[in-house]
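Spelled out, the chains give:
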Amino acid sequence: MIVRLGKVLVVFTIVATLSAHWALLQTVAWTTMLADNLQTKSLHEAVTQTFDGNHPCNLCKAIVAAKNTEQKKQIPFEKLKLEFPPVRESLVLIAPSRPILSPQQNSLAESRSLKPPTPPPRPFFV
């Protein structure tokens, strides 16, 4: 149940982030307009009047107004340049003359070589 709720929240977040809710509302508006126009007009006239943009319904007008106010509220984004601290031009990296090898130690192997204490420890309450 919680996993399903999480997935639903992720889908709603993605839809809201991509402004896909406006496309969904616009689809509902067009479907409603087409159904209303089909009651009084032929299919060709109903489709033409629905999608020509000259006869918007109240929902279409509300969607356009909401999109315009949403775009005005967005904060302008400044393009930032990456700046790196100045580096001296005389910086030279020199490899060591001989590689320094350190002996490899395996602490796990050393701990296994020890024998268990004899006699074995006794329980505290006997």
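Structure: see above.
Cut-offs used in this document
Residues numbered from 1 in each chain as written. Predicted model: local features only at pLDDT ≥ 70, side-chain atom pairs only at ≥ 80, totals over all residues. Heavy atoms only, no water. Helix = DSSP H or I, 4+ residues; strand = E, 2+ residues; numbered from the N terminus. Expected span 1.5 Å × (residues − 1). Buried < 20%, exposed > 50% of the residue type's maximum accessible area, 1.4 Å probe, protein only. Arc of directions from axis to C-beta. Contact = heavy atoms within 4.5 Å. Disulfide = S-S within 2.5 Å. Axes fitted to C-alpha atoms, helices over the stretch in contact; angles between N-to-C directions. Left-handed = near helix turned anticlockwise from the far one by under 90°. Nonpolar A, V, L, I, M, F, W, Y, C, P; charged D, E, K, R; others polar. Core = buried A, V, L, I, M, F, W, Y, C linked by side-chain atoms within 4.5 Å. Polar contact = N/O pair within 3.5 Å; in protein donor to acceptor, adjacent residues only side chain to side chain.

(A) Here's a closer look at helix α2 (residues 20-40). The end-to-end C-alpha separation of α2 is 31 Å, in line with the 30 Å expected for 21 residues at 1.5 Å each. All of the buried residues along α2 are Trp22, Gln26, Ala29, Met33 and Asn37. Angularly, the buried residues of α2 cover 65° about the axis, an arc narrow enough to put them on a single face. Across from the buried face of α2, at angles greater than 90 degrees, the exposed residues are Leu24 and Gln39.

(B) Expanded view of helix α3 (residues 43-51). Burial in α3 covers these residues: Ala46, Gln49 and Thr50. The buried residues of α3 occupy one face: seen down the axis, they fall within an arc of 100°. Packed against the buried residues of α3 are α2. Downstream of α3 by one or two residues, Gly53 has phi in the positive range, about 85°.

(C) Expanded view of the state of the cysteines. The tally for this structure, following the rule as stated, stands at zero disulfides. Free cysteine Cys57: the closest other cysteine sulfur is in Cys60, separated by 3.5 Å.

(D) Quick look at the packing of α2 against α3. Two elements in contact, α2 and α3, have axes separated by 9 Å at closest approach and are oriented at 145°. In this structure, α2 meets α3 at a crossing whose hand is right-handed. From α2, Trp30, Met33, Leu34, Asn37 and Leu38 reach across to α3, where they touch Leu43, Ala46, Val47, Gln49, Thr50 and Phe51. Per-class residue counts for the contact of α2 with α3 are eight nonpolar, three polar and no charged.

(E) Local environment of the nonpolar core. Of all hydrophobic cores here, the largest spans five residues; its members are Trp22, Ala29, Met33, Cys60 and Ile63. Elements with a contribution of two residues or more to this core: α2 and α4 (58-73). For this core, the leading source of residues is α2, giving three residues. The contacts of Trp22, once residues within four sequence positions are left out, are Ile63, Ala66, Lys67 and Glu70.

(F) Geometry of the side chain of Thr50. As for its placement among the helices and strands, Thr50 is situated in helix α3. Classification of Thr50 by relative accessible area gives buried; the value is 3%. For Thr50, the side chain forms a polar contact with the main-chain oxygen of Ala46, separated by 2.6 Å. Excluding residues within four positions of it along the chain, Thr50 makes contact with Trp30, Met33, Leu34 and Asn37.

(G) Inspection of the environment of Cys60 at higher detail. Considering the arrangement of structural elements, one finds Cys60 in helix α4. Between the alpha carbons of Cys60 and Leu25 there is a distance of 8.5 Å; along the sequence they are 35 residues apart. Residues in contact with Cys60, not counting those within four places in the same chain, are Gln26, Ala29 and Met33.

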